[in-house]
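An overview of the molecular structure
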Amino acid sequence: MKKSSLIIGFLLILSVGIVGCGTKTTENSLSKIKSTGTIKIGTEGTYSPYTFHDKSGNLTGFDIDIAKEVSKRLGVKPQFVETKWDGMFAGLDAKRFDMVANEVGVIPARQKKYDFSTPYVVSKAVLIVKSSDTTIKKFADLKGKKSAQSLTSNLSTIAKKNGAIIIPINGFNQSIDLLLSKRVDATVNDSLSYFDLKKQRPNIALKVVDQQGNAQPSALMFNKGNKELVTAVNNALSDMKSDGTYSKISKKWFGTDVSK
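Residues numbered from 1 in each chain as written. Predicted model: local features only at pLDDT ≥ 70, side-chain atom pairs only at ≥ 80, totals over all residues. Heavy atoms only, no water.

1. Some points on the packing of helix 3 (residues 62–74) against helix 10 (residues 245–254)
Orientation of helix 3 relative to helix 10, taken along the N-to-C sense of each, is 160 degrees, at an axis distance of 10 Å. Here helix 10 runs roughly antiparallel to helix 3, going by the angle between their axes. Regarding helix 3 and helix 10, the two cross each other, and that crossing is right-handed. Each of Phe-62, Asp-65, Ile-66, Glu-69 and Arg-73 in helix 3 lies in contact with helix 10, whose residues at this interface are Thr-245, Tyr-246, Ile-249, Ser-250, Lys-252, Trp-253 and Phe-254. Split into classes, the residues belonging to the contact of helix 3 with helix 10 amount to six nonpolar, two polar and four charged. (Axes fitted to C-alpha atoms, helices over the stretch in contact; angles between N-to-C directions. Helix = DSSP H or I, 4+ residues; strand = E, 2+ residues; numbered from the N terminus. Parallel < 35°, antiparallel > 145°, perpendicular 65-115°, else oblique. Left-handed = near helix turned anticlockwise from the far one by under 90°. Contact = heavy atoms within 4.5 Å. Nonpolar A, V, L, I, M, F, W, Y, C, P; charged D, E, K, R; others polar.)

2. Observations concerning the nonpolar core
Phe-62, Ile-66 and Leu-74 are the most contacted members of the largest nonpolar core, which totals 45 residues. Apart from the residues within four sequence positions on either side, Phe-62 is in contact with Pro-49, Tyr-50, Tyr-120, Val-121, Tyr-246, Ile-249, Ser-250, Trp-253, Phe-254 and Val-258. (Core = buried A, V, L, I, M, F, W, Y, C linked by side-chain atoms within 4.5 Å. Buried < 20%, exposed > 50% of the residue type's maximum accessible area, 1.4 Å probe, protein only.)

3. What about helix 4 (residues 85–93)?
Of the positions making up helix 4, those classed as buried are Trp-85, Met-88, Phe-89, Gly-91 and Leu-92. An end-on view of helix 4 places all buried positions within 160 degrees of arc, on one side of the element. On its buried face, helix 4 is in contact with strand 1 (38–43), strand 5 (99–105), helix 5 (108–111), strand 6 (114–116) and strand 13 (216–223). Of the residues one or two after helix 4, Lys-95 is the one with positive phi, at around 60 degrees. (Arc of directions from axis to C-beta.)

4. So, the pattern of salt bridges
Across all of its chains, the model carries seven salt bridges by this definition. Where Asp-141 meets Lys-138, a salt bridge forms, and the shortest distance between an N and an O atom there is 3.4 Å. Within this structure, Glu-69, Arg-73 and Asp-243 form a network of salt bridges that share partners. (Salt bridge = Lys/Arg side-chain N within 4 Å of Asp/Glu carboxyl O.)

5. Some points on the sheet that holds strand 8 (residues 125–130)
Strand order in the open sheet made by the three strands is 11-8-12, with antiparallel pairing throughout. Strands at the two margins of the open sheet, each flanked by one partner only, are strand 11 (187–190) and strand 12 (206–211). The sheet shows a mean angle of 45 degrees between the axes of neighbouring strands, taken without regard to direction. Bridge count for strand 8 against strand 11 is four bridges, and the pairing is antiparallel. Opposite Leu-127, over in strand 11, you have Val-188 as the bridge partner. Each of strand 8, strand 11 and strand 12 touches helix 7 (residues 172–180); the most contacted strand, strand 8, lies at about 30 degrees to it. (Pairing = 2+ DSSP bridges.)

6. So, the side chain of Asp-190
On the secondary structure map, Asp-190 appears in strand 11. Although Asp-190 is buried, it forms no salt bridge, and the closest oppositely charged side chain is Arg-110 at an N-O distance of 11 Å. Of the polar contacts made by the side chain of Asp-190, one reaches the side chain of Tyr-50; its length is 2.4 Å. Setting aside its immediate chain neighbours within four residues, Asp-190 contacts Tyr-47, Tyr-50, Glu-103, Ser-123, Lys-124, Val-126 and Leu-155. (Lys, Arg positive; Asp, Glu negative; His and termini not counted. Polar contact = N/O pair within 3.5 Å; in protein donor to acceptor, adjacent residues only side chain to side chain.)

7. Considering unusual backbone geometry
Looking along the chain, the bond that leaves Ser-48 and enters Pro-49 is cis, with omega of 5 degrees. Along the chain, the position of Pro-49 falls in the loop between strand 1 and strand 2 (52–53). One non-glycine residue, Glu-103, lies in positive phi territory at about 55 degrees. Here Glu-103 falls in the buried class, since its relative accessible area comes to 7%.

8. A word on the confidence of the model for the chain
Atom-level detail of predicted coordinates should not be read off regions where pLDDT is low. Residues with a pLDDT of 70 or more make up 89% of the chain, whose mean pLDDT is 88. Predicted confidence is poor over residues 6–26, with pLDDT under 50, and the contacts of this stretch with residues over four places away or in other chains come to three contacts. (pLDDT = per-residue confidence, 0-100.)

9. A word on the packing of aromatic side chains
Inspection of every chain in the model, using the stated rule, returns eleven aromatic pairs. With a centroid separation of 6.4 Å and an interplanar angle of 45 degrees, the aromatic rings of Tyr-47 and Phe-172 are classed as tilted. In this pair, Tyr-47 sits in the loop between strand 1 and strand 2 while Phe-172 sits in helix 7, placing the two residues 125 residues apart along the sequence. With a relative accessible area of 4%, Phe-172 lands in the buried category. Among the aromatic residues, those joined into a ring-pair cluster are Tyr-47, Tyr-50, Phe-62, Tyr-120, Phe-172, Tyr-246 and Phe-254. Lying across the ring of Tyr-246, Lys-241 places its NZ or CZ 5.4 Å from the centre. (Phe/Tyr/Trp six-rings, centres within 6.5 Å; stacked < 30°, edge-to-face > 60°. Lys NZ or Arg CZ within 6 Å of the ring centre and 35° of its normal.)

If you want it as structure tokens, here you go:
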């Protein structure tokens, strides 16, 4: 009797351990998202034209449209969680959202900690200064100059490498405001955001004086260990490109295909 009881007890403990492990590995997975019917998406809401609020206060932008379409193809509703850029990674670490849609550059340091979808947009880093500035003509001229940057972005890394004094900001719009008010000398920022700004405000007193030669791919970002979810998102992105939906969204915001 004692031996049988011990065996039964061991089997019960083993089964509980297996169930516990199963719950842990499926957390934040595609199956959980589908069971709740919602995918939580981290985004800034202050980074035009990718993620921002229109004149009516509605969250919109290229990344928002991409994320909405991906969610639709997964069969779930998107729930956007607006977060400042420098808190975006911590929010994903804390599982406040299932993925990030915010023009996140795919770089080796991030790939060590996070998983990415296939890139859905490519852009270049550009050096932006006031139109009247004649002292900054290339990235190397940033040495000792004040540059408005989001602290954890790859754009900030470029400014630091060139000796800039980093002035922390929360997003693209704030960097432009600081530059126009002469509280900083420059900002290293996204080329597509700059071109959108010039489209909206053609007479703005800013100019691009230098740009990086290599294009930077950006992708949707996930915590490690969500292979099924990443695969499903990649399939959705692939289907969007095949059936012309991606091109339609891209041309809506940029007038061209920005995936190349």
